[in-house]
Amino acid sequence: MGEFDTIDRTSSNAEKYTLRQKLFGTEEVHPMWVADMDIATPICVVAAVQERLKHPIIGYEIMPESAFEAQVAWVSEHHAFTMQREWLSYSPSVVASIGCTIRALSEAGDEVIVMDPVYPPFYSMVKENNRRLVIHPLRQDEEGVYRFDLDLLRTQITDKTKLLLLCSPHNPVGRVWSRDELGALGTFCLEHSIVIISDEIHSDIVFQPHSHIPMGSLSKELLNNTVTLTGPGKTFNMAGFSISTVCIPSEELRTRYKEEYHRVHWGDGAALSHVAFEAAYRDGSPWHQRLIGHLSHNALLIEEWAAKHPLIRYSPPEGTYLAWLDCRALGLGDRELREFFIQKAGLGLSPGLSFGKEGSGFMRLNFAVPTSVLTQALEQLGKALND
Ligand SMILES: Cc1ncc(COP(=O)(O)O)c(C=O)c1O
């Protein structure tokens, strides 16, 4: 079997498959929604966990220094950002880190900027922690490239606006923000005393000629004004290990964060996750390179398919394995659009509207699948469109 070939996930508790009935009302859809990959987790990760299991006790364990060092080395090599060990702490989930950071660095009733469309928990973490949303629309320019608009944002903020939740690279629109864009946004935040929470979980899934630039790497001021959240979950398809890190270079922000961190008592995480995390960052580079080749090929197949199906507009993502399909030319309402994908194409995608108002008329397709699966899905969609 090839490295990126089909694997049956229906026998594990994979969300993507198990929740089909609940989400789509039928088991008869190929699920291409939640952002994990239908691709085997790299052997170096699985082998390290198997090796650890030779020891018969899985008790409380601390996250070893070597695990943090492996991540520091990875980020330095891949993104030219040198994190220091004392800036880093363990987190079970990037979304949980967003909630914890919001509580630590703002007060109830404060405002948090969120760009629309975006990964849905960005909204819920703000609301469920009793903060107020400042929803900034991302809009496509004449070339179809999604942009934020700092002139508009200036009119949206108030003296209660304390935080910006940045998704970099951006889920679902696939932007890898440029140095100029990040610099302008960062300067804006510094001018208005807005701390940036930069979710960089997709930072390793980036396609040529783009490269991910960590917000904190732009300047000393931005380093001290940014909380960076990242982890191996997307890169190495190991979300099931529930492990990521929070990077806070500013001592003052870190102290405030740590108080909240202790209140939620996350501890140090699970023994097998530490091992998986370290192995991925230490040994996963060759696999990661091959993965990017596989995903680039899949992105190209969608582009070729879209050229023949003008009712669906698609610009290849600069980063992420998520295709943001513009289905507005079909002239369907959001509910009908979703039904069309389920009933006519047999595909379970994420509806654009679930990412915010600006996502209306779009569908998000996860193309981190074996190429044969993608080809089959595109064939089904093409047939549904022709019918
Ligand atoms: C932007 C973004 N942040 C966070 C997550 C989830 O991270 P975690 O599983 O560590 O909470 C996802 C998953 O799709 C995501 O797309």
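To keep things clear, this report deals only with the structure shown in the data block.

Calculation criteria
Residues numbered from 1 in each chain as written. Predicted model: local features only at pLDDT ≥ 70, side-chain atom pairs only at ≥ 80, totals over all residues. Heavy atoms only, no water. 1 Å grid on protein atoms, 1.4 Å probe; cavity = no way out; pocket = protein on both sides within 12 Å on 5 of 7 lines; lining within 4 Å. Points joined across faces, edges and corners; volume = space filled by probe spheres on them. Helix = DSSP H or I, 4+ residues; strand = E, 2+ residues; numbered from the N terminus. Nonpolar A, V, L, I, M, F, W, Y, C, P; charged D, E, K, R; others polar. Domains from an automatic or database assignment. Near = heavy atom within 4 Å. Polar contact = N/O pair within 3.5 Å; in protein donor to acceptor, adjacent residues only side chain to side chain. Areas by Shrake-Rupley, 256 points an atom, 1.4 Å probe, with all protein chains shown as cover. Salt bridge = Lys/Arg side-chain N within 4 Å of Asp/Glu carboxyl O.

Attention now moves to the layout of surface pockets. Considered as a void within the structure, the largest pocket measures approximately 1,200 Å³ in volume. Counting residues per element, the ones that place at least two in the lining of the largest pocket are helix H2 (20-24), helix H5 (94-105) and strand E13 (350-351). Of the residues that constitute the lining of the largest pocket, the class distribution is 23 nonpolar, 14 polar and seven charged. Summarising the domain contributions, the lining of the largest pocket has at least three residues from each of domain 1 (15-41 + 285-386) and domain 2 (49-283). Approximately 410 Å³ is the volume attributed to the second largest pocket. Looking at the second largest pocket, it is lined by 20 residues, and the ones nearest its centre are His78, Val206, His210, Ser211 and His288. If you list the elements that add at least two residues to the lining of the second largest pocket, you get helix H4 (65-79) and helix H12 (285-308). Ranked by the residues each element gives to the lining of the second largest pocket, the list is headed by H12, at five residues. Split by domain, the lining of the second largest pocket shows at least three residues from each of two domains, domain 1 (15-41 + 285-386) and domain 2 (49-283).

Next up on the list: empty space enclosed by the protein. Under the criterion given, the structure shown has one cavity of 30 Å³ or more. Around the largest cavity, the lining comprises 14 residues; the ones closest to its centre are Val75, His79, Glu200, Ser203 and Thr230. Of all the secondary-structure elements, those providing two or more residues to the lining of the largest cavity are H4 and strand E9 (226-230). Tallying contributions element by element places H4 first for the lining of the largest cavity, with three residues. Taken together, the residues that form the lining of the largest cavity break down as six nonpolar, six polar and two charged.

It is worth spelling out the site of the ligand at this point. With respect to spatial proximity, the complete set of residues near the ligand consists of Ala35, Ser93, Val94, Val95, Tyr119, Cys167, Asn171, Asp199, Ile201, His202 and Lys234. In this structure, an oxygen atom belonging to the ligand sits 2.8 Å away from a side-chain N or O atom of serine 93. Take histidine 202: an N or O atom from its side chain is 2.8 Å from an oxygen atom of the ligand. For the ligand, whose accessible area on its own is 400 Å², the fraction buried by protein is 86%. Split into classes, the residues belonging to the shell around the ligand amount to six nonpolar, three polar and two charged.

Moving on to the pattern of salt bridges. Enumeration according to the criterion identifies 25 salt bridges in this entry. When the shortest N-O distance is used, the salt bridge between lysine 160 and aspartate 110 registers 3.9 Å. Here lysine 160, found in the loop between helix H7 (150-156) and strand E7 (161-167), pairs with aspartate 110, found in the loop between H5 and strand E3 (111-116); they are 50 residues apart in sequence, far enough to count as distant. Note that aspartate 326 is salt-bridged to arginine 328, the shortest N-O span being 2.7 Å.

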